[in-house]
Amino acid sequence: MMQYVKGSKDGGLRLVENSAEQAPFFTIMSAADFRESKGSLPYYEELLGCLGSIRYCKAEVFKDCVIGTLRIPKKSAQRLPQLSFVFCLTEQSLLFIEDTGDLKLWVDKRISMFQELNSPAHLLLQFMEQMIDDDVLYLSHIEAETEKMEEHISADDSKDFFASLTKYRQKLSELNAYYEQLTDIGELFQSPACSAFVHDAQDWDKYIHRAERLQNHVQLIRENMLQLRELYQSKQDARQNKIMGTLTVVTTFFLPLTLLTGWYGMNFAHMPELKWQYGYLSVIIVAIVIAIGEIIYFKKKKLF
């Protein structure tokens, strides 16, 4: 368990082993420690239920606290979360409960950014801002990858196009839902129901706008990927039409010759050309004339 209290002189956060003398301002508790508390925490059953199924970001207002879950997706192709935990916000403190230990490392690297905050709600807001701090860079990376995919399509080098497209579309769908959920949480903290915990709703308004901009960026990339898929499909259709056109020309070219050879392959008893001395040569000459005539016609029509 990690407990932070506010310093009496500078107002900064400092880590303590035992906060019996002073109520903790910020606490990170493992799932094992939470279960060992055996209901000593308020709303134990609600927190336990949230801890058992952290599938998305949400928040719910109770009489004297706000309970919610946060699931931060990895900024990579993997679908597993980077962090997932439960939070409980009161007027005096903020509690995080997580099951992996990754949150402690994440907070330890950024603890300097959480110093000198006025309230637990402000700490939670700062924490959620850090969750999306580098997301613009990640979205720009995906955008650059889509541009490379477009170049590969133009160069007819798109063997793994659908695999890459599916991977990024799934990730963008996950991020789109993520930013929408964060926007909902921000709007909840702006509502009158949270007025006891939040004293400056304008800060949450800025956060909502930031999450909405990220969501709009995601939707723009998704639209670009849809256009990219249509471009790839049109390329495939054009290639298929070209192949079908070539097969049609070849079939049309050999059709008169097939008719000629089929006609003289019937072997009726009274076909005079069969006994004619120059019958075989005549058929060859006729076939050559037909072939030359077709070649001239096809070139004139620009089918060759």
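First, a word on what this report is: a plain description of the structure on this page.

Here we take up the overall build of the chain. Summing up its helical and strand segments, the chain has 9 helices and 7 strands in all. In terms of principal-axis extent, the alpha carbons of the chain reach across some 125 × 35 × 35 Å. Across the 304 residues in the chain, those meeting the buried criterion constitute 37%. Long-range contacts, defined as pairs at least 24 residues apart, comprise 60% of the intrachain contacts of the chain with a sequence gap of at least 6. By element, 54% of the accessible surface of the chain is carried by carbon and sulfur atoms, the whole surface being about 18300 Å². Across the chain, the 33 positively charged side chains and the 40 negatively charged ones have centroids separated by 10 Å.

This part is about the packing of helix H4 (residues 120–131) against helix H7 (residues 201–263). Close contact between H4 and H7 brings their axes to 11 Å; oriented N to C, the two are set at 15°. As far as their axial angle goes, H7 and H4 are roughly parallel. For the element pair H4 and H7, the recorded crossing hand is left-handed. Contact with H4, carried on its side by Ala-121, His-122, Leu-125, Met-128 and Glu-129, involves Asp-203, Trp-204, Tyr-207 and Arg-210 of H7 and no other residues of that element. Across the contact of H4 with H7, the residue classes tally to 5 nonpolar, 1 polar and 3 charged.

Glancing now at the pairing of strand S5 (residues 66–73). Counted residue by residue, S5 has 7 buried out of 8 residues, so it is predominantly covered. Of the pairings in the sheet, the one linking strand S4 (residues 58–61) to S5 comprises 4 bridges and is antiparallel in character. Directly across from Ala-59, in S5, lies its bridge partner Gly-68. Counting the residues in the hairpin turn of S4 and S5 gives 4 residues. The pairing of S5 with strand S6 (residues 81–89) spans 8 bridges and is classified as antiparallel. When the bridges of S6 are listed, Val-66 appears paired with Leu-89.

This next bit is on H7. For an α-helix, the turn length of 3.6 residues means that residues three or four places apart are oriented alike. Taking 1.5 Å per residue as the helical rise, H7 with its 63 residues ought to reach 93 Å, and the 91 Å between its terminal C-alpha atoms agrees with that figure. Where H7 bends most, the angle comes to about 35°, and this point is Leu-255, followed within four residues by the proline Pro-256.

This part covers the sheet that holds strand S1 (residues 2–6). Pairing within the open sheet is mixed, and its 7 strands lie in the order S2-S1-S3-S7-S6-S5-S4. Looking at the sheet topology across the chains shown, the edges are occupied by strand S2 (13–16) and S4. Across the sheet, the mean angle from the axis of one strand to that of its neighbour is 20°, orientation sign disregarded. Relative to strand S3 (residues 26–30), S1 runs antiparallel, the two sharing 3 bridges. The partner of Gln-3 across the bridge, within S3, is Thr-27. Against the sheet, helix H6 (residues 161–190) contacts S4, S5 and S6, and its axis sits at roughly 155° relative to S5.

The subject of this paragraph is a negative patch on the surface. A surface patch of like charges, here negative, comprises Glu-180, Asp-184, Glu-187, Asp-205 and Glu-212. Among the elements that take part in the negative patch, H6 stands out by supplying 3 residues, more than any other. As for its position among the elements, Asp-205 is in helix H7.

Aromatic rings considered in pairs are described by the distance between their centres and by the relative angle of their planes. If you walk through the whole model with that rule in mind, you get 16 aromatic pairs. Ring centres 4.7 Å apart and planes at 55° place the aromatic pair Phe-96 and Phe-127 in the tilted group. Here Phe-96, found in strand S7 (residues 94–98), pairs with Phe-127, found in helix H4; they are 31 residues apart in sequence, far enough to count as distant. Look at Phe-96 and you get buried, because its relative accessible area is 0%. Residue Phe-127 is classed as buried on the basis of its relative accessible area of 1%. Ring geometry for Tyr-178 versus Tyr-179: centroids 5.3 Å apart, planes at 50°, classification tilted. An identical accessibility class is assigned to Tyr-178 and Tyr-179; each is buried. Taken together, the aromatic side chains of Phe-26, Phe-85, Phe-96, Trp-106 and Phe-127 make up a single cluster linked through ring pairs. Over the ring of Tyr-168 we find Lys-167, and its NZ or CZ is 4.8 Å from the ring centre.

Here the focus is the environment of Asp-160. By the secondary structure assignment, Asp-160 is in the loop between helix H5 (135–154) and H6. The exposure class assigned to Asp-160 is exposed, which follows from its relative accessible area of 55%. Measuring from C-alpha to C-alpha, the distance between Asp-160 and Val-250 comes to 32 Å, with 90 residues separating the pair along the chain.

What counts, and at which threshold
Residues numbered from 1 in each chain as written. Predicted model: local features only at pLDDT ≥ 70, side-chain atom pairs only at ≥ 80, totals over all residues. Heavy atoms only, no water. Helix = DSSP H or I, 4+ residues; strand = E, 2+ residues; numbered from the N terminus. Buried < 20%, exposed > 50% of the residue type's maximum accessible area, 1.4 Å probe, protein only. Contact = heavy atoms within 4.5 Å. Areas by Shrake-Rupley, 256 points an atom, 1.4 Å probe, with all protein chains shown as cover. Lys, Arg positive; Asp, Glu negative; His and termini not counted. Charge placed at Lys NZ, Arg CZ, Asp CG, Glu CD. Axes fitted to C-alpha atoms, helices over the stretch in contact; angles between N-to-C directions. Parallel < 35°, antiparallel > 145°, perpendicular 65-115°, else oblique. Left-handed = near helix turned anticlockwise from the far one by under 90°. Nonpolar A, V, L, I, M, F, W, Y, C, P; charged D, E, K, R; others polar. Pairing = 2+ DSSP bridges. Expected span 1.5 Å × (residues − 1). Bend = angle between axes of the 7 residues up to and from the residue. Patch = residues over 30% accessible without salt bridge, like charges linked within 9 Å, V, L, I, M, F, W, Y side chains within 5 Å. Salt bridge = Lys/Arg side-chain N within 4 Å of Asp/Glu carboxyl O. Phe/Tyr/Trp six-rings, centres within 6.5 Å; stacked < 30°, edge-to-face > 60°. Lys NZ or Arg CZ within 6 Å of the ring centre and 35° of its normal.

It is worth stressing that arrangement in space is one thing and function is another; only the former is reported here.
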